[in-house]
Amino acid sequence: MNVAEAVGTALARLGVDHVFGVVGSGNFHVTNALVAAGARYVAARHECGAATMADAYARVSGRLAAVSLHQGCGLTNAMTGIAEAAKSRTPLVVVAAEATQVTSNFHVDQPALATAVGATSVRVDSADGCLDQVVAAVGSAVLDRRTVLVNLPLDVQAREVPPDVVRRLGDLAAPAPTAGPEPAPADAAALADLLAAARQPVLLAGRGARHARAELLALADACGALLATSAVARGLFHGSPWSLDVSGGFATPLAAELIQDADVVVAFGSVLNMWTTRHGSLIGPEAAVVQVDVDAAALGRHRPVRLGVVADSAATAVAATRLLGRRDPPAPGCRSPELAARIAAEGRWRDVPYDDWGTGGDDARIDPRTLTVLLDDALPAERVVAVDSGNFMGYPSMFLSVPDAGGFCFTQAFQSVGLGLATAVGAALARPDRLPVAALGDGGALMAAAELDTVRRLGLPMVVVVYDDSAYGAEVHHFTAGEPLDTVTFPDTDIAAVGAGYGFDGVTVRGPADLAGVRDWLAGPRERPLLVDAKVAAPRGSWWLEEAFRGH
Ligand SMILES: Cc1ncc(C[n+]2csc(CCOP(=O)(O)OP(=O)(O)O)c2C)c(N)n1
């Protein structure tokens, strides 16, 4: 057995059950070893797609995933997806062959590439030590929630491993993530005191609290709180009558009003960045802000906090709930029948009235909100939604309901256009029981179109919806001062025909009646994926985009 085979076998034994990649000479053997040891290999058509599929698969399944890359150019192609994963603290192993000789055409400084985007890097440099190095890399990925690049130099890959390394392969097991730290008793008491006295408490959950739904619902019940999430944790409180959905640029007018009026805001696993707080404006000037995070460095990163708790969100919620349960009288909170009625009537974007932008004639265009409401009605509730970046992104993010936090995958930490389709592939593989929905702009769709082949080849029953304004709409609406827009506008592309070329069924939507084509496809047998080329009206930028531009 050589090093490449030992590393591939070890990764599978350490818990990698899916590996995504593009295979070339340098990563051929390690990938085959992963497969031989039981991992499923998913061939992407571009390395950036592979990295993002792995990232999304890991996020939605909660399992460890790997990316397999050719030396040099395979890695550079994957860098945008790796940056997204690293910024999101996705536990991910990126296995890349490495040409260490500077005279090789494939040589680049691979460790520097990794660290430049916030990933960590290790090099497997010997046959004797290869196993320990891989075990350490996987440990860092799982236990420290890091994206780890494992460099496999070509000459080292070919070396024979000693018999004791082969023997030890059989003993490997996946590392079990440790339970997060308990809160200090004084911190739990201070949190309970604040919540007990609160007139209108809001519990705001971010990525770091996606595991804590039940505990946070119980805490909210104990203190009469309202619930909200950051965009990445969307769906976490689905079904609660006290859920305000997303806080931030995507917030409904009612959610914004109620969060702004809160006197206590407790952020669980959320850093309260400019997106989640609308540049701070959603937090009232008098509000007491509490932040709960396993990472001490996250506390106060974006705004000062009254109380910072270094602890696991679920453990903190349990501790505070227990203390609140002993209070007499119980915490009052804000849960009146009138408020419940308002949330039921105004709590969703689709309940907020709007003037329909739809147009008729030869170049008829559908309002993106109307389109999305009709899709929301037509698509089965059991869905997993992935959204690309662009002006359009608020429509699917907010008008499509999702069944839980696992029903929404938001790869936007790097704000890159072009990751949405691959995100949907990874999410679809993680949740084969749900209908995968990829919501893309025409720019993001055409940037990543090669992965339409992957969707079709894998037989995924995916609905790809393209909000097609024949433009980089986000840029069009950014530059409104009369500058030339030729650099950001395009002639119309028949994206349904592009999809057909890849083996999709296609529907072009110009008005509400065209949704019949989507309903027909949903009725079955769904043998091919569906591409919906929705020619959308975009006379002005979306509501959340104006807010976003303030951050540039
Ligand atoms: C990789 C990358 N390139 C460029 C940008 C800048 N950018 C942000 S939004 C956008 C336009 C996206 O167009 P489209 O996908 O059609 O969505 P729309 O804005 O039209 O709704 C661009 C080019 C980016 N964020 N990421």
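Being a predicted model, the structure only gives us computed values, none of them experimental.

### Notes on the overall build of the protein chain
Scanning the protein chain for helices and strands turns up 23 helices and 18 strands. Since a compact globule built from 552 residues should have a radius of gyration of about 24 Å, the 24 Å found for the protein chain is in line with a globular shape. Taking the principal axes of the C-alpha coordinates as reference, the protein chain spans close to 70 × 65 × 45 Å. In the protein chain, buried positions account for 57% of the 552 residues. Of all intrachain contacts in the protein chain linking residues separated by at least 6 positions in sequence, the fraction that spans at least 24 positions is 76%. Carbon and sulfur atoms form 54% of the exposed surface of the protein chain, whose accessible area is close to 21000 Å². Taking the average location of the 43 positive side-chain charges in the protein chain and that of its 60 negative ones, the two points are 4 Å from each other.

### Some remarks on the nonpolar core
Phe20, Leu69, Ile82, Leu421, Met462 and Val464 are the most contacted members of the largest nonpolar core, which totals 51 residues. Beyond its immediate sequence surroundings of up to four residues, Leu421 is in contact with Ala438, Leu440, Ala448, Glu451, Leu452, Val455, Met462 and Val464. Core analysis: the next-biggest nonpolar cluster, separate from the first, contains 44 residues, Val373, Leu435, Ala439 and Ala548 among them.

### Section: the site of the ligand
Around the ligand sit 17 residues, and of these Asn391, Gly443, Gly473, Ala474 and Glu475 come closest. Between the ligand and the protein, one listed contact pairs an oxygen atom with a side-chain N or O atom of Asp469 at 3.1 Å. Notes on the ligand: free accessible area 580 Å², of which the protein chains cover 77%. Elements with a contribution of two residues or more to the shell around the ligand: helix H18 (442-447) and helix H20 (473-478). Split into classes, the residues belonging to the shell around the ligand amount to 5 nonpolar, 9 polar and 3 charged.

### Side note on the packing of aromatic side chains
Tallying each qualifying case throughout the model produces 11 aromatic pairs. Their ring planes at 50° and their centres at 5.9 Å tell us that Phe20 and Tyr57 sit as a pair that is tilted. Highlighted residues: Phe20 in strand E1 (residues 18-21) and Tyr57 in helix H3 (residues 47-61), separated in sequence by 37 residues. Ring centres of Phe250 and Phe410 lie 6.1 Å apart, and the angle between their planes is 75°; this geometry places the pair in the edge-to-face category. Here Phe250, found in the loop between strand E9 (243-246) and helix H11 (253-260), pairs with Phe410, found in the loop between strand E14 (408-409) and helix H17 (420-430); they are 160 residues apart in sequence, far enough to count as distant. Summarising the burial analysis for this pair, Phe250 and Phe410 share the class buried. Members of the aromatic cluster, connected to one another through ring pairs, are Trp349, Phe392, Tyr395, Phe399, Tyr467 and Trp543. Cation over ring: Arg234 sits above Phe408, and NZ or CZ is 5.8 Å from the ring centre. Positioned above the aromatic ring of Trp357 is the side chain of Arg369, whose terminal nitrogen or guanidinium carbon lies 4.1 Å from the ring centre.

### Let's talk about the packing of helix H1 (residues 3-13) against helix H2 (residues 28-36)
Contact geometry of H1 with H2 gives a least axis separation of 7 Å together with a crossing angle of 40°. Of the possible angle classes, the one that applies to H1 and H2 is oblique. The two elements H1 and H2 meet at a crossing, and its hand is right-handed. Contacts from Ala4, Glu5, Val7, Gly8, Thr9, Leu11 and Ala12 in H1 reach His29, Val30, Ala33 and Leu34 in H2.

### Considering the pattern of salt bridges
Scanning all chains against the criterion turns up 28 salt bridges. With a closest N to O distance of 2.2 Å, Asp193 and Arg327 form a salt bridge. One end of the pair, Asp193, is in helix H9 (residues 185-196); the other, Arg327, is in the loop between helix H13 (313-325) and helix H14 (337-346), and 134 residues separate them in sequence. By relative accessible area, which is 41% here, Asp193 ends up partly exposed. When its relative accessible area of 33% is taken as the criterion, Arg327 is described as partly exposed.

### Quick notes on the sheet that holds strand E8 (residues 226-229)
Across the sheet, which stays open at both edges, the 6 strands sit in the order E9-E8-E7-E10-E11-E12 with parallel pairing between neighbours. Two strands close off the open sheet at either side, each with one partner strand: E9 and strand E12 (307-310). Taken pair by pair, the neighbouring strands of this sheet meet at an average axis angle of 15°, ignoring direction. Across the sheet, H9 lies against strand E7 (201-205), strand E10 (264-268), strand E11 (288-293) and E12, angled at about 135° from E12, the strand it touches most. With respect to the sheet, helix H10 (residues 213-223) is in contact with E7, E8 and E10, its orientation differing from that of E7 by roughly 175°.

### Comments concerning H3
With 15 residues, H3 ought to run about 21 Å at 1.5 Å a step, and its terminal C-alpha atoms sit 21 Å apart, in line with that. Where burial is concerned, most of H3 is hidden: 14 out of the 15 residues are buried. Taken from the residues just after H3, Gly62 is the one with a positive phi, measuring 75°.

### Some words on the sheet that holds E14
Sheet architecture is open: 6 strands sit in the order E14-E13-E15-E16-E18-E17, paired in parallel fashion. Of all the strands in the sheet, the pair left with one neighbour each is E14 and strand E17 (505-509). By the bridge criterion, 6 bridges tie strand E16 (residues 463-468) to strand E18 (residues 530-535) in an arrangement that is parallel. Bridge assignment links Val463 to a residue of E18, and that residue is Leu530. H17 contacts strand E13 (383-387), E14, strand E15 (435-441) and E16 of the sheet and is inclined by roughly 170° relative to E15.

### Topic: the packing of H9 against H13
In a packed pair of helices, the relevant descriptors are the angle between the two axes and the axis-to-axis distance. Where H9 meets H13, the axes come as close as 9 Å, and the angle between the chain directions of the two elements is 60°. By the criterion of interaxial angle, the relationship of H9 to H13 is oblique. In terms of crossing hand, the pair formed by H9 and H13 is right-handed. The segment H9 lies against H13, with Ala188, Ala189, Leu191, Ala192, Leu195 and Ala196 engaging Thr316, Ala319, Ala320, Leu323 and Leu324. Classifying every residue of the contact of H9 with H13 by side-chain character gives 10 nonpolar, 1 polar and no charged.

Thresholds, definitions, all that
- Residues numbered from 1 in each chain as written.
- Predicted model: local features only at pLDDT ≥ 70, side-chain atom pairs only at ≥ 80, totals over all residues.
- Heavy atoms only, no water.
- Helix = DSSP H or I, 4+ residues; strand = E, 2+ residues; numbered from the N terminus.
- Rg over C-alpha atoms; globule rule 2.2 N^0.38 Å.
- Buried < 20%, exposed > 50% of the residue type's maximum accessible area, 1.4 Å probe, protein only.
- Contact = heavy atoms within 4.5 Å.
- Areas by Shrake-Rupley, 256 points an atom, 1.4 Å probe, with all protein chains shown as cover.
- Lys, Arg positive; Asp, Glu negative; His and termini not counted.
- Charge placed at Lys NZ, Arg CZ, Asp CG, Glu CD.
- Core = buried A, V, L, I, M, F, W, Y, C linked by side-chain atoms within 4.5 Å.
- Near = heavy atom within 4 Å.
- Polar contact = N/O pair within 3.5 Å; in protein donor to acceptor, adjacent residues only side chain to side chain.
- Nonpolar A, V, L, I, M, F, W, Y, C, P; charged D, E, K, R; others polar.
- Phe/Tyr/Trp six-rings, centres within 6.5 Å; stacked < 30°, edge-to-face > 60°.
- Lys NZ or Arg CZ within 6 Å of the ring centre and 35° of its normal.
- Axes fitted to C-alpha atoms, helices over the stretch in contact; angles between N-to-C directions.
- Parallel < 35°, antiparallel > 145°, perpendicular 65-115°, else oblique.
- Left-handed = near helix turned anticlockwise from the far one by under 90°.
- Salt bridge = Lys/Arg side-chain N within 4 Å of Asp/Glu carboxyl O.
- Pairing = 2+ DSSP bridges.
- Expected span 1.5 Å × (residues − 1).

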